[in-house]
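# Survey of secondary and tertiary structure
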Amino acid sequence: MDPWKNWIRYSLLWVFCCYYFLLLTVSSPLPLKQTGTLNNNSCSLSQHHFQRITIKNLTYSVAKQARLYDKDTDNRFVGQHLYTNITRNERCYLMKRVTDTVLTHVLYNLKNQYPSLQEVIYFLVYLNAELRDCKPLEDKTYIEGHLKRMKDKLEELGENGMNKVVGELDLLFDYLENACTSKKASSGHQGNKN
């Protein structure tokens, strides 16, 4: 067989295959955008923020110290009750707002009362800055209601409320991690830890 004819056959076959695959890719429909699924990629944090042992230990240590001054055993600021009527994909936004409330109404006023509190404040401020573009995807009526009750209870309890909030910084750390980490965000911000 003539090498020239073989080369022409293979070249034609190659051109045909390339043309065929080009037609397949151009003519195939693009996947439809899922309109029923709500997702908010700005409401996620990297898992590595929470894996830093130093900041985790500092946060837990400050919380433990503050619990020594907490005289109120009936109330809780951070807990599963915050998730009442809140969908899984709104939990990170809720925890962002809770963190903001804790920072502005409590921690900024107590900067030097507990050792290592300043580092914990910097950490929470950094996380809140990372979540600056996190917006609610649905109606935020329940979220605002939870935050208002939290602020009202904080005002009612006064200094003991501030100690209680600082005593729950370990809970805030865990809830933020569960609601906002990247592995949770990929499944709609769902959290297993309550």
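Above this note sits the structure.
Because the structure is predicted, anything quoted here is derived from the model rather than measured.

## A short note on the overall build of the chain
Regarding its fold elements, the chain presents eight helices and zero strands. Secondary structure elements of the chain, listed N to C terminal, follow the sequence α-α-α-α-α-α-α-α. Sorting the 194 residues of the chain into buried and exposed places 40% on the buried side. Here the analysis covers contacts within the chain between residues at least 6 apart in sequence; of these, 84% occur between residues at least 24 apart. Total accessible area computed for the chain in this model is approximately 12000 Å², and 56% of it derives from carbon and sulfur atoms.

## Some points on the nonpolar core
Ranked by size, the top nonpolar core spans 45 residues in total, and within it Met95, Val98, Leu107 and Leu169 carry the most contacts. For this core, the secondary structure elements donating two or more residues are helix H2 (53-67), helix H3 (91-105), helix H4 (117-130), helix H5 (141-157), helix H6 (159-167) and helix H7 (169-180). In contact with Val98, not counting residues within four places along its chain, are Val78, Leu82, Leu147, Met150 and Leu172.

## Re the environment of Ala179
Among the secondary structure elements, Ala179 is positioned in helix H7. Along the backbone, Ala179 and Cys43 are 136 residues apart, and their C-alpha atoms lie at a distance of 8.9 Å.

## Thoughts on the state of the cysteines
Tallied over the full model, the rule gives two disulfides. Between the sulfur atoms of Cys43 and its disulfide partner Cys134 the distance amounts to 1.8 Å. The disulfide joining Cys43 to Cys134 has a torsion of about 95 degrees about its S-S bond and is therefore right-handed. You can see Cys43 sitting in the loop between helix H1 (3-27) and H2 and its partner Cys134 sitting in the loop between H4 and H5, a full 91 residues away along the chain. Across the pair, Cys134 and Cys43 agree in class, each one buried. The disulfide partner of Cys92 is Cys180, and the S-S distance across this bridge is 2.0 Å.

## Observations regarding the pattern of salt bridges
One pass over the full model with this rule turns up five salt bridges. Among the ionic pairs, Arg67 bridges to Asp170, the shortest N-O distance being 3.1 Å. Note that Arg67 is positioned in helix H2 and Asp170 in helix H7, a separation of 103 residues in sequence. For Asp170, a relative accessible area of 12% corresponds to the buried category. Between Glu144 and Arg97 there is a salt bridge; the shortest N-O distance is 2.6 Å. Of this pair, Glu144 sits in helix H5 while Arg97 sits in helix H3, and the two are 47 residues apart along the sequence.

## Describing the environment of Lys64
Summarising the element assignment, Lys64 is placed in helix H2. With a relative accessible area of 59%, Lys64 lands in the exposed category.

What counts and what doesn't
Sequence order as written defines the numbering, with residues in each chain counted from 1. Given that the model is predicted, a residue must reach a pLDDT of at least 70 before its local features are reported, and side-chain atom pairs must reach 80 or more before they are shown or counted; all residues, however, enter totals for whole chains, interfaces and linings. Only hydrogens and water are set aside when side-chain values are computed; all heavy atoms of the structure are taken into account. In DSSP terms, a helix is any run of H or I states spanning at least four residues, a strand is any run of E spanning at least two, and both are numbered starting from the N terminus. Accessible area is worked out with a 1.4 Å probe on protein chains only. A residue is then buried under 20% of its type maximum, exposed over 50%, and partly exposed in between. In this description, contact between two residues means that some pair of their heavy atoms is separated by no more than 4.5 Å. To measure how exposed things are, a 1.4 Å probe is used in the Shrake-Rupley method; for residues, cover is taken only from the protein chains shown. Residues enter a nonpolar core if they are buried and are Ala, Val, Leu, Ile, Met, Phe, Trp, Tyr or Cys, with the set joined through side-chain atoms within 4.5 Å. The rule for a disulfide is simple: a pair of cysteine sulfur atoms within 2.5 Å. When a carboxyl oxygen of Asp or Glu is within 4 Å of a side-chain nitrogen of Lys or Arg, the pair counts as a salt bridge.

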